[in-house]
Amino acid sequence: MPEEQEKELTGEFILNNEKQPVTKALGEEENLHFYSSLSYHPKKVKFENQEKDEEIVLLVRRDLITNVPWILTALILIFIPPLLFLFSDFITPFIQISPQTQLVSILFYYLAIFGFILVEFTLWYFNVGLVTNIRIIDLDVSGILYKHVSETRLNLIEDVSYSQVGSVRSVFNYGDVLIQTAGTLANFEFDRAPEPARIVRVIADMIGGKH
Amino acid sequence: MELFQFLIQLFSNQDLLFRIILIILISFYILFALILAMQIRNLNRIVNQITFSPIFKLLSFIHLGAAIALLIFTVLFL
């Protein structure tokens, strides 16, 4: 190495504190659908307190397959009244209510199923993790009365890893992505995220190739 | 004594009892639908998916409207 070049390299190094460029290596801009559980550079998505030059790189929700239990429950609930109607001859002697009241009861029942679907979809849709070129935001919603929003800057991230335990998770390729932050700051977890390996690669790439 | 008579009448008339229970349940349900609609509106402010958020909010308000309409129908027409 020439002497001049060696002199230039000696001394303290200051890590680049500038905002990281948006990584587009793992995917082009995508149109986000309401059922999308993972999107790279999603178009037409905004979030609260978004800075002017802040771009969303990743949008992560729980994998679509995790919705199967509540969808099945809703389908079963939808088919219960027609089944009861088939056995109405056995029930009628015990329950004597007018046809109008029966109609309102059935309407109320289906309205409650609609409410159930709306709540379950809301819980899935808003349990979202956002990775931008500046920070990571984690929005947790569990129940309609509880929401928790946390965020951390990319330069505070120490480590990113994922775990994929169980046959279902392996077959459908989803798992938990753990983002560890410096010191006493809270860690982040993208619960049951699809393609966890790719998410880890994108975040690791953004925090400066620590992995 | 009048209250006692009323209760006997109430329990002997299944239809009336059923309507009263329905009105109470729907009233509570409206409260739930209102909270749900407000939460969906608030959460859509945090994460706004421009193409879908308005539809989502509309669905939650349709849900609330349907619950109110059902209560009005039950009280006025049954």
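This section reports on the structure supplied with the text. (Residues numbered from 1 in each chain as written. Chains lettered and ligands numbered in written order. Predicted model: local features only at pLDDT ≥ 70, side-chain atom pairs only at ≥ 80, totals over all residues. Heavy atoms only, no water.)

### A short note on the overall build of chain A
Counting its secondary structure elements, chain A contains six helices and nine strands. Expressed as a percentage of the 211 residues in chain A, the buried residues total 39%. Once local pairs closer than 6 in sequence are excluded, the contacts in chain A between residues at least 24 apart make up 52%. A total accessible area of about 12,600 Å² is found for chain A, and carbon and sulfur atoms account for 59% of it. (Helix = DSSP H or I, 4+ residues; strand = E, 2+ residues; numbered from the N terminus. Buried < 20%, exposed > 50% of the residue type's maximum accessible area, 1.4 Å probe, protein only. Contact = heavy atoms within 4.5 Å. Areas by Shrake-Rupley, 256 points an atom, 1.4 Å probe, with all protein chains shown as cover.)

### Side note on helix H2 (residues 68-86) of chain A
Residue and element names in this part refer to chain A. With 19 residues, H2 should reach 27 Å at 1.5 Å per residue; the first-to-last C-alpha distance of 28 Å fits that figure. If you look at H2, its biggest bend is around 30 degrees, right at Ile 80, and the proline Pro 81 turns up within four residues after that. Within H2 the residues assigned to the buried category are Trp 70, Ala 74 and Pro 81. Contacts made by the buried residues of H2 are with helix H4 (99-125). (Expected span 1.5 Å × (residues − 1). Bend = angle between axes of the 7 residues up to and from the residue.)

### Digging into the side chain of Arg 135 of chain A
Residues and elements named next belong to chain A. Mapped onto the elements of the fold, Arg 135 is located in strand E5 (residues 135-141). A distance of 2.7 Å separates polar atoms of two side chains, one belonging to Arg 135 and the other to Glu 54. With near-sequence residues (within four places) excluded, Arg 135 lies in contact with Phe 47, Asn 49, Gln 50, Glu 51, Glu 54, Leu 130, Glu 151, Thr 152, Arg 153 and Leu 154. (Polar contact = N/O pair within 3.5 Å; in protein donor to acceptor, adjacent residues only side chain to side chain.)

### Observations concerning the interface of chain B and chain A
Accessible area lost upon the coming together of the parts is a frequently used measure of interface size. At the interface, 35 residues of chain B touch 39 residues of chain A. Taken together, the two surfaces of chain B and chain A that pack against each other cover about 3,400 Å², and 75% of this comes from carbon and sulfur. Sorting the residues of chain B by area buried against chain A places Leu 43, Ile 46 and Gln 49 of chain B first, and these three jointly supply 19% of that buried surface. Across the contact surface, chain B and chain A share ten residue pairs in polar contact (both at pLDDT 80 or more). Sorting the residues of the side of chain B that touches chain A by element identifies helix H2 (14-46), strand E1 (47-49) and helix H3 (53-77) of chain B as the ones contributing at least two each. Among the elements that line the side of chain B that touches chain A, the one with the most residues is H2 of chain B, at 18 residues. (Buried area = accessible area lost by both parts, 1.4 Å probe.)

### Comments concerning the nonpolar core
By size, the foremost hydrophobic cluster in this structure holds 26 residues, and its most contacted members are Phe 121, Tyr 125, Phe 126, Leu 130 and Leu 139 of chain A together with Val 47 and Phe 56 of chain B. Sorting the residues of this core by element identifies strand E2 (45-47), strand E3 (56-61), H4, strand E4 (128-132) and E5 of chain A together with H2 of chain B as the ones contributing at least two each. Here the element with the most residues in this core is H4 of chain A; it accounts for six residues. A domain-level breakdown of this core finds at least three residues from each of domain 1 (3-62 + 127-206) and domain 2 (67-122) of chain A. Judged by nonpolar contacts, the second largest core, of 22 residues, contains Val 131, Phe 190, Val 202 and Ile 207 of chain A. (Core = buried A, V, L, I, M, F, W, Y, C linked by side-chain atoms within 4.5 Å. Domains from an automatic or database assignment.)

### A closer look at the sheet that holds strand E7 (residues 157-163) of chain A
Residues and elements named next belong to chain A. Ordered in space as E7-E8-E9, the three strands form an open sheet in which the pairing is antiparallel. The two strands at the open ends of the sheet, each matched to only one other strand, are E7 and strand E9 (188-194). Put simply, the sheet's adjacent strands are angled 20 degrees from each other on average, direction ignored. Each of E7, strand E8 (174-181) and E9 is contacted by helix H6 (residues 196-206), which is oriented at about 170 degrees to E7, the strand it contacts most. (Pairing = 2+ DSSP bridges. Axes fitted to C-alpha atoms, helices over the stretch in contact; angles between N-to-C directions.)

### Focus: the sheet that holds strand E6 (residues 147-153) of chain A
Residues and elements named next belong to chain A. Strand order in the open sheet formed by five strands is E1-E3-E4-E5-E6, and the pairing between neighbours is antiparallel. Only two strands of the sheet have a single neighbouring strand rather than two, namely strand E1 (38-40) and E6. Ignoring which end each strand starts from, the neighbouring axes of this sheet average 10 degrees apart. Relative to E6, E5 runs antiparallel, the two sharing seven bridges. Residue pairing across strands places Asp 140 opposite His 148, the latter belonging to E6.

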